[in-house]
Every structure is written in C-alpha cells, then in structure tokens.
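# Results of the structural survey
Listed here are the chains, written in short residue letters.
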Amino acid sequence: MEFLGSKIKIVQYKEDYREALDQFELTERQMIYSSLPKEVLDEGLMDPNRRPCVVLNRDEEVVGFFVLHQHYQHEGYDTPINAVYVRSLSINNKLQGQGYGTEIMMNIPEFVQSVFPDFDQLFLVVDAENQAAWNLYERAGFLHLATNP
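What counts and how
- Residues numbered from 1 in each chain as written.
- Predicted model: local features only at pLDDT ≥ 70, side-chain atom pairs only at ≥ 80, totals over all residues.
- Heavy atoms only, no water.
- Salt bridge = Lys/Arg side-chain N within 4 Å of Asp/Glu carboxyl O.
- Helix = DSSP H or I, 4+ residues; strand = E, 2+ residues; numbered from the N terminus.
- Buried < 20%, exposed > 50% of the residue type's maximum accessible area, 1.4 Å probe, protein only.
- Lys, Arg positive; Asp, Glu negative; His and termini not counted.
- Pairing = 2+ DSSP bridges.
- Axes fitted to C-alpha atoms, helices over the stretch in contact; angles between N-to-C directions.
- Parallel < 35°, antiparallel > 145°, perpendicular 65-115°, else oblique.
- Left-handed = near helix turned anticlockwise from the far one by under 90°.
- Contact = heavy atoms within 4.5 Å.
- Nonpolar A, V, L, I, M, F, W, Y, C, P; charged D, E, K, R; others polar.

Overall, the coordinates contain five salt bridges when judged by the stated rule. For the salt bridge of Glu60 with Lys9, the shortest nitrogen-to-oxygen distance reads 3.0 Å. On the criterion of sequence distance, the pair formed by Glu60 in the loop between β2 (50–57) and β3 (62–70) and Lys9 in strand β1 (residues 8–12) is long-range, its members being 51 residues apart. Here Lys9 falls in the buried class, since its relative accessible area comes to 18%.

If you want it as structure tokens, here you go:
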C-alpha cells in the first residue's frame, strides 16, 4: 500500500525481502525493546493470525519491519478478541532518524484495515522506559490505555 506524499510504502512480506531482513541491524539497546526481523519472521509466517510486514522507502530499500497479530492476547492485559497488535516494530539502525517511524505510525491504521478489514481495535505494547517510542506513538495518535508493572 503506497501513501500519497509519503516517503514509505508498507507491504506484506514476500520472500524477496528475506535477504535485506537478514541484514537488518539494531543496537543492543534497541534489542531490549524489539526483535530482529530474522528472529520473528518464520514464526510469523507459520501463524495464520500473523502478517509480517515490510516498510520500503522510495528507493525500494527495506527500512522497517513489524508483525500484525490478530486475536493476540498480551499477557497482563485484557484486550478485545477482535483486536490487532503491532509487534516487533523496528527501523533498521542504519536508516534511523529520517522520519520513517513517524511515517509508519501515521499510516499503519489504514494499512491494518486493508490487511484485517474486520478488526475493531489496534494495539501495541511499549516498554515504559522506551521514551522515544512513547513519544512516537503519542504523536501518531495512539492513546495510553493501561500500564502493567
């Protein structure tokens, strides 16, 4: 799905993207909060409720990755059954700081609607210490609904 005026395109995973995802890099600190795509990709491909997604820039370079997980029930949170979670969201370390995260979050609700048209709510979980992520999600219009110690 391409967004007019956007510098990204969000697409569902195709095998063509595997090599770029295998080379994806995150810092040690980022690894505390997310997973490398190669660590969660195959599990996502095997589960019919999950959709691995890739974010491309205008040069068709893989800049980001996340998994949409329908009907997921995160431990410690009471969420509706017809919810979709954004999981394992990350931007390749080499390409961070260029606004890709903000673009993803601004466009993700519409993209999710195209993948899971019957979803009622969109959720994500963020570590309380990950202030950069909190700021990003709030700028994109996500609301803080619960805190789990």
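So that's the structure; there's more coming.
By the secondary structure assignment, Glu103 is in helix α4 (residues 100–115). No salt bridge forms around the buried Glu103; measuring N to O, its nearest opposite-charge neighbour Lys7 is 5.2 Å away.

Moving on to the pairing of β1. With four of five residues buried, β1 is to be regarded as a mostly interior element. Here β1 pairs with β2 via five bridges, running antiparallel. In the strand pairing of β2, Ile10 is matched with Val55.

Turning to the packing of α4 against helix α5 (residues 131–139), a few remarks are in order. Where α4 contacts α5, the axes come no closer than 9 Å and their chain directions differ by 45 degrees. When the axis of α4 is compared with that of α5, the two are oblique. α4 and α5 meet at a crossing whose hand is right-handed. On α5, the residues touching Gly101, Thr102, Met105 and Met106 of α4 are Leu136, Tyr137 and Arg139. For the contact of α4 with α5, the class distribution of residues is four nonpolar, two polar and one charged.

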